[in-house]
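Take a look at the letters that make up each chain.
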Amino acid sequence: MSITIKDAADIEGMRVACRLASEVLDYIAPHIQPGITTAEIDRLGAECMAQQGTISATIGYQPPGYPAYPASLCTSVNNVVCHGIPNDKPLKKGDIVNVDVTVITKDGWYGDNSRMYLIGECSIAAKRLCAITFEAMWHGILQVKPGARLGDVGHAIQKFAEGHGFSIVREFCGHGIGKNFHEEPQVLHYGRPGTLEELKPGMVFTIEPMINAGRREIKEFGNDGWTIVTKDRSLSAQWEHTVLVTPTGYEVMTLSAGSPPLPSFVQATAT
Ligand code: MF3
Ligand code: CO
Ligand code: CO
């Protein structure tokens with residue numbers, strides 16, 4: 001399998017899937033308050049997908065060597081890096097949570113995105129980690145244009161995040177996406193400029209850096225086969241967008257009315 005190039009009709013299908021994936025996060029957002037459980041967030045996500053006529057890509061998802069993923073979305077709290085499974089523990093003031101939603105439309109297109117949510121008042125350190133991770137994702141997105149290389153994307157993210165004293169998780173990466181959840185290429189969130197795959201119009205992939213407040217090492221948590229935590233128990237944050245390479249640059253596909261405002265350094269360069 002090589003990197004698929006999406007044509008105009010494919011891109012229309014992806015736009016719909018990605019907008020709907022973002023709208024699931026919009027739907028959930030006002031409910032994410034102290035006291036809600038991640039299982040309730042999962043239920044709200046499933047309810048929204050049912051209203052949309054989409055289905056969750058994660059429920060029953062079973063890559064080789066993994067058990068079937070049991071929920072409609074992922075909820076990764078505090079030191080959980082990714083793939084947290086919703087449960088009945090209430091979120092409390094000061095927690096940070098990533099909610100990662102991937103939907104499949106009736107036409108078979110996948111849209112994948114995630115955001116961080118702060119539960120009540122959070123520490124300055126937690127707020128800073130979430131903000132820097134959001135900006136790191138956008139520094140990666142800004143590299144996307146025909147002729148640029150995936151190493152440019154990874155490098156931009158790494159330089160920014162490490163420049164703020166944080167570390168980049170290496171074991172998980174962004175991915176091509178389309179009529180499959182995970183396609184080529186792998187999109188590393190670290191790297192060297194001018195290396196790896198050259199970007200071409202019609203490529204679609206996710207950029208989804210996982211950034212730790214402490215060291216970059218991770219480990220599996222418990223025995224559910226999915227949950228990944230930081231080895232040093234430090235906080236971890238992640239944001240994710242699905243991005244199209246256009247003839248002149250990029251189109252962020254997973255945007256909707258509730259998406260957070262773009263960082264000022266992006267607005268300054270937007271055409
Ligand atoms: N949505 C995640 C990603 O960004 C994948 C989650 S797989 C799951 O690629 F099974 F854990 F849900
Ligand atoms: Co993804
Ligand atoms: Co995702």
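Okay, so let's go over this structure. Every value quoted in this text rests on a predicted model; they were computed, and no experiment measured them.

### Digging into the overall build of the protein chain
On a plain count of helices and strands, the protein chain comes out with five helices and 15 strands. A principal-axis box enclosing the C-alpha atoms of the protein chain has dimensions of 45 × 45 × 40 Å. Out of the 271 residues belonging to the protein chain, those deemed buried represent 53%. Intrachain contacts of the protein chain at a sequence separation of at least 6 include 71% that bridge at least 24 residues. Taking the average location of the 23 positive side-chain charges in the protein chain and that of its 29 negative ones, the two points are 6 Å from each other.

### Remarks on the side chain of S256
Structurally, the position occupied by S256 is in the loop between strand 15 (250-252) and helix 5 (264-267). Given a relative accessible area of 16%, S256 falls into the buried group. At a separation of 2.6 Å, a polar atom in the side chain of S256 contacts the side chain of S22. Here the side chain of S256 touches D26 through a polar contact of 2.7 Å, side chain to side chain. Sequence-distant contacts of S256, defined by excluding residues within four places in its chain, comprise R19, S22, E23, D26 and R115.

### What to know about the coordination of the cobalt ion (ligand 2)
Bound to the cobalt ion (ligand 2) on the protein side are D112 (OD), H175 (NE2), E208 (OE) and E240 (OE), at distances that span 2.0 to 2.2 Å. Because the angles between the six donor atoms bound to the cobalt ion (ligand 2) fall within 51 to 162°, the donor set is best described as irregular. Of note, the donors binding the cobalt ion (ligand 2) are all from one chain and are spaced D-x62-H-x32-E-x31-E. For E240, a relative accessible area of 1% translates into the label buried.

Conventions adopted
Residues numbered from 1 in each chain as written. Chains lettered and ligands numbered in written order. Predicted model: local features only at pLDDT ≥ 70, side-chain atom pairs only at ≥ 80, totals over all residues. Heavy atoms only, no water. Helix = DSSP H or I, 4+ residues; strand = E, 2+ residues; numbered from the N terminus. Buried < 20%, exposed > 50% of the residue type's maximum accessible area, 1.4 Å probe, protein only. Contact = heavy atoms within 4.5 Å. Lys, Arg positive; Asp, Glu negative; His and termini not counted. Charge placed at Lys NZ, Arg CZ, Asp CG, Glu CD. Polar contact = N/O pair within 3.5 Å; in protein donor to acceptor, adjacent residues only side chain to side chain. Donors = N, O, S within 2.8 Å, 3.2 Å for Na, K, Ca; no water. Tetrahedral: all angles 85-135°; square planar, octahedral: opposite > 155°, others 65-115°.

That is the geometry; function is a separate question.
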